[in-house]
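# Chain and residue survey
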Amino acid sequence: MTDEITWYDSMPTPIGSLLIAQRAGALVHVGFAEERHPHVRRGIWRQDGQRLRPVRDQLDAYFAGARQHFELDLDATGTEFQRRVWGELRRIPYAGTISYAELARRIENPKAMRAVGLANGRNPIPIIVPCHRVIGANGSLTGFGGGIERKRWLLEHESRIAA
């Protein structure tokens, strides 16, 4: 029965309150508290900040500039294509950026830029799976579920820490 329960908590960050959730010991969701969460499965949800302490600690360290990589078990629900895109997102170096075209090329499907953008937008674990590091071909900041200002903040934060 425990595996069917989604454990969740919220946490304050410099870019707003985050809703974090895990199921069966793996992180399944990170989202901004005020947004809709269409990719979160229904079921039994219970709040437990202690159970989510490792996630909170790593996110707190990231926002404090003390962590550049996350060491968490992840379970992102999606299609095989989406999971390939999300896997490639995790390979983008801290403080680095790539274009949607480059991301499509890296998953060996160079004509799938639009599909890559859609998969990027459905990433259920942003920040940890760094979809904010994908930008327009001309260097412009495009699409981010939390809004462009948050995307800008995340990229500037990483650049400051990496410098």
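Residues numbered from 1 in each chain as written. Predicted model: local features only at pLDDT ≥ 70, side-chain atom pairs only at ≥ 80, totals over all residues. Heavy atoms only, no water.

### Quick word on the environment of valine 134
Under the convention used in this document: Each helix is a run of DSSP H or I of at least 4 residues and each strand a run of E of at least 2, with the numbering of both proceeding from the N terminus. To sort residues, take the accessible area from a 1.4 Å probe on protein chains only and compare it with the maximum for the residue type: under 20% means buried, over 50% means exposed, and anything in between is partly exposed.
Mapping valine 134 onto the fold places it in strand E6 (residues 134-135). Here valine 134 falls in the buried class, since its relative accessible area comes to 0%. Along the primary structure valine 134 and threonine 13 are separated by 121 residues, whereas in three dimensions their C-alpha atoms are 21 Å apart.

### Some thoughts on the pairing of strand E2 (residues 18-23)
Rule in force here: When DSSP finds two or more bridges between two strands, those strands count as paired.
Counting buried residues in E2 gives six out of six residues, a clear majority hidden from the surface. A two-sided burial pattern is seen for E2, the buried positions comprising Leu18, Ile20 and Gln22 on one face and Leu19, Ala21 and Arg23 on the other. Where strand E1 (residues 5-11) lies against E2, six bridges are found, and the strand directions are antiparallel. Within the sheet, the bridge partner assigned to serine 10 lies in E2 and is leucine 19. Count of turn residues in the E2/strand E3 (residues 26-32) antiparallel hairpin: two residues, of which alanine 24 carries a positive phi of about 55°.

### Brief notes about unusual backbone geometry
Here the phi dihedral of alanine 24 falls at roughly 55°; this positive angle occurs in a residue that is not glycine. If you trace the backbone, alanine 24 turns up in the loop between E2 and E3. A relative accessible area of 53% means that alanine 24 is categorised as exposed. Even without being glycine, alanine 95 reaches a positive phi, approximately 70°. Structurally, the position occupied by alanine 95 is in the loop between helix H2 (80-89) and strand E5 (98-99).

### Considering the packing of aromatic side chains
Selection rule: When two rings of Phe, Tyr or Trp (its six-membered ring) have centres within 6.5 Å they constitute a pair, described as stacked for plane angles under 30 degrees, edge-to-face for angles over 60, and tilted for the intermediate range.
With the rule as written, the count across this model stands at six aromatic pairs. Ring geometry for tyrosine 62 versus phenylalanine 70: centroids 5.6 Å apart, planes at 40°, classification tilted. Judged by its relative accessible area of 0%, tyrosine 62 is buried. Between phenylalanine 63 and tryptophan 153, the ring centres sit 5.8 Å apart and the planes meet at 45°, which makes this aromatic pair tilted. Residue phenylalanine 63 is located in helix H1 (residues 53-63), and its partner tryptophan 153 is located in helix H5 (residues 148-162); the two are separated by 90 residues in the primary sequence.

### Observations regarding the pairing of E1
Extensive coverage of E1 is indicated by the burial of five of its seven residues. Here E1 folds back onto E2, and the loop between the two strands holds six residues, one of which, glycine 16, carries a positive phi near 115°.

### A word on H1
Residues lying three or four places apart along an α-helix face the same way, a consequence of the helix completing one turn every 3.6 residues. Rules: Contacts between residues were defined by any pair of non-hydrogen atoms, one from each residue, lying within 4.5 Å.
Buried within H1 we find Val55, Arg56, Gln58, Leu59, Ala61, Tyr62 and Phe63. Tucked into the core, H1 has its buried residues touching E1, E2, E3 and H5. Of the residues one or two after H1, glycine 65 is the one with positive phi, at around 85°.

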